[in-house]
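Residue-level structure breakdown
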Amino acid sequence: DRVSDRFDIRGETQLTLEDLLADHWRLSYLKSFTEAELSNENVAFMVRVREFEAAVTAGDAQARALGDTIFDSHIKAGAPEEMAVTARLREQLKQALKQWKEGTSSTAEVSVSGLLASTYQTVYRNVSFDVLPRFLASEHAIEMAKLHPSKAMLYEPSREVFERSIDEDGDDWLALWLAAHEYFERYMSLA
């Protein structure tokens, strides 16, 4: 009884990776799923790069610090959530961040953004084709659709998942209403 069995991931109402990343509530379920799988570095990287790009676009002075954080957390050899990147890309990003920090290059900010964007695209593709299908088949996605129906009903793709999670006779409506204690524990575990 998996979401992916009831949810046509090729259909127009596909719950996409972009849907999950763009909404904090949905993202919390994806993060919880990847943490349970011990594969959260890709999603964490994507979230940080999106924060970095938003800071750069807004002209936020914290953009450089976010770039350093991404490098230290994901790109540097031995980083806690190290990404599989080439030594060449690692060195290019290190140099671009250094030049941006020192102000020795007027194009350093653009270089950092471009280097992170190319890595982001690769990670996005991997997560879309590897993690997302597993997420849609997981208890996390079912919980997202069933445990929080009022929140889920705000989003068309979630409404589609929810509607398909109920059999035609409506016999499983009672299963949707979990005990208050179980609801509270599951909800709090996402925080």
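Per chain, the residues get numbers from 1 upward, laid out in the order the sequence is written. Where local features are concerned, this predicted model is filtered to residues with pLDDT of at least 70; where side-chain atom pairs are given and counted, the filter is 80 or more; whole-chain, interface and lining totals use all residues. Excluded from the side-chain calculation are hydrogens and water; included are all heavy atoms of the structure.

Overview of the overall build of the chain
Let me state the cut-off plainly: Numbering of helices and strands starts at the N terminus; helices are DSSP runs of H or I of at least 4 residues and strands are runs of E of at least 2. Exposed residues in this analysis have more than 50% of their type's maximum accessible area, buried residues have under 20%, and partly exposed residues fall in between, with area computed by a 1.4 Å probe over protein chains only. Whether two residues are in contact is decided by their heavy atoms: any pair within 4.5 Å suffices. In short, Shrake-Rupley with a 1.4 Å probe defines the accessible areas, and a residue's cover is counted only from the protein chains shown.
Along the chain, the regular secondary structure elements total twelve helices and zero strands. Within the span of the chain, comprising 191 residues, buried residues form 42% of the whole. Taking all contacts inside the chain whose residues are at least 6 apart in sequence as the whole, residues at least 24 apart take part in 62%. On the chain, roughly 10700 Å² of surface is accessible, and the fraction owed to carbon and sulfur atoms is 52%.

Here we look at the packing of helix H3 (residues 24-36) against helix H7 (residues 108-136)
As a reminder, the rule being used: Each axis is a line fitted through C-alpha atoms, and for a helix only the stretch in contact is used; angles between axes span 0 to 180 degrees, taken between their N-to-C directions. Orientation is classified from the angle alone, with under 35 degrees giving roughly parallel, over 145 giving roughly antiparallel, 65 to 115 giving roughly perpendicular, and any other angle giving oblique. For this scheme, ten residues count as nonpolar: Ala, Val, Leu, Ile, Met, Phe, Trp, Tyr, Cys and Pro. Four count as charged, namely Asp, Glu, Lys and Arg, and the remainder, Gly too, count as polar.
At a minimum axis distance of 11 Å, the contact between H3 and H7 shows a crossing angle of 100 degrees. Considered as vectors, H3 and H7 are oriented roughly perpendicular to each other. For the pair formed by H3 and H7, the contact residues are Tyr29, Leu30, Phe33 and Thr34 on the first element and Val131, Arg134 and Phe135 on the second. Taken together, the residues of the contact of H3 with H7 sort by class into five nonpolar, one polar and one charged.

Details of the packing of aromatic side chains
Stated formally: Each Phe, Tyr or Trp ring, with Trp reduced to its six-membered ring, pairs with another whose centre is within 6.5 Å; inter-plane angles below 30 degrees give stacked pairs, above 60 give edge-to-face pairs, and intermediate values give tilted ones.
As enumerated under the stated definition, the model contains four aromatic pairs in all. With a centroid separation of 5.6 Å and an interplanar angle of 75 degrees, the aromatic rings of Trp25 and Tyr29 are classed as edge-to-face. Of this pair, Trp25 and Tyr29 are both found in helix H3, four residues apart, which corresponds to roughly one turn of the helix. By relative accessible area, Trp25 is classed as buried at 12%.

A look at helix H6 (residues 87-102)
What counts here: Helix span is expected to be 1.5 Å times the residue number reduced by one.
Taking 1.5 Å per residue as the helical rise, H6 with its 16 residues ought to reach 22 Å, and the 22 Å between its terminal C-alpha atoms agrees with that figure. Buried positions along H6 lie against helix H4 (41-58), helix H5 (63-75) and H7. One or two residues past the end of H6 sits Gly103, with phi positive at roughly 75 degrees.

Digging into H7
The criterion, for reference: Here the bend at a residue is taken as the angle between two axes, fitted respectively to the seven residues that end there and the seven that start there.
Helix length check: H7, at 29 residues, gives a terminal C-alpha distance of 39 Å against a target of 42 Å (1.5 Å per residue), a fit within 8%. At Val127, H7 shows its strongest bend, of approximately 40 degrees.

Focus: unusual backbone geometry
Despite not being glycine, Leu38 shows a phi value in the positive range, around 60 degrees. Mapped onto the secondary structure, Leu38 falls in the loop between H3 and H4. For Leu38, a relative accessible area of 75% puts it in the exposed group.

Considering the side chain of Glu81
Rule in force here: Two N or O atoms form a polar contact when they lie within 3.5 Å of each other; inside protein one atom must be a possible hydrogen donor and the other a possible acceptor, and for residues adjacent in sequence the pair counts only when both atoms belong to side chains.
Inspection of the secondary structure puts Glu81 in the loop between H5 and H6. Among the residues examined, Glu81 registers a relative accessible area of 18% and is labelled buried. A polar side-chain atom of Glu81 sits 3.0 Å from a polar atom in the side chain of Arg48. Beyond its immediate stretch of four places on either side in the chain, Glu81 contacts Asn40, Glu41, Ala44, Arg48, Ser73 and His74.

Side note on the pattern of salt bridges
Heads up, the rule is: The term salt bridge refers to a side-chain nitrogen of Lys or Arg lying within 4 Å of a carboxyl oxygen of Asp or Glu.
For the structure on display, the rule yields seven salt bridges. Residues Glu81 and Arg48 are paired through a salt bridge, measuring 3.0 Å at the closest nitrogen-oxygen approach. Taken together, the positions of Glu81 in the loop between H5 and H6 and Arg48 in helix H4 put the pair 33 residues apart, joining distant regions of the chain. The exposure class assigned to Arg48 is partly exposed, which follows from its relative accessible area of 26%.

Focus on the nonpolar core
Basically, it comes down to this: Among buried residues, those of type Ala, Val, Leu, Ile, Met, Phe, Trp, Tyr and Cys that are joined through side-chain atoms within 4.5 Å constitute a nonpolar core.
Phe45 and Phe135 are the most contacted members of the largest nonpolar core, which totals 41 residues. Looking at this core, the elements that each hand over two or more residues are helix H2 (17-22), H3, H4, H5, H6, H7 and helix H8 (139-146). Of all the elements, H7 adds the most residues to this core, at eleven residues. Once residues lying within four places of it in the same chain are set aside, the contact partners of Phe45 are Ile70, His74, Ile75, Met83, Leu116, Thr119, Tyr120 and Val123.

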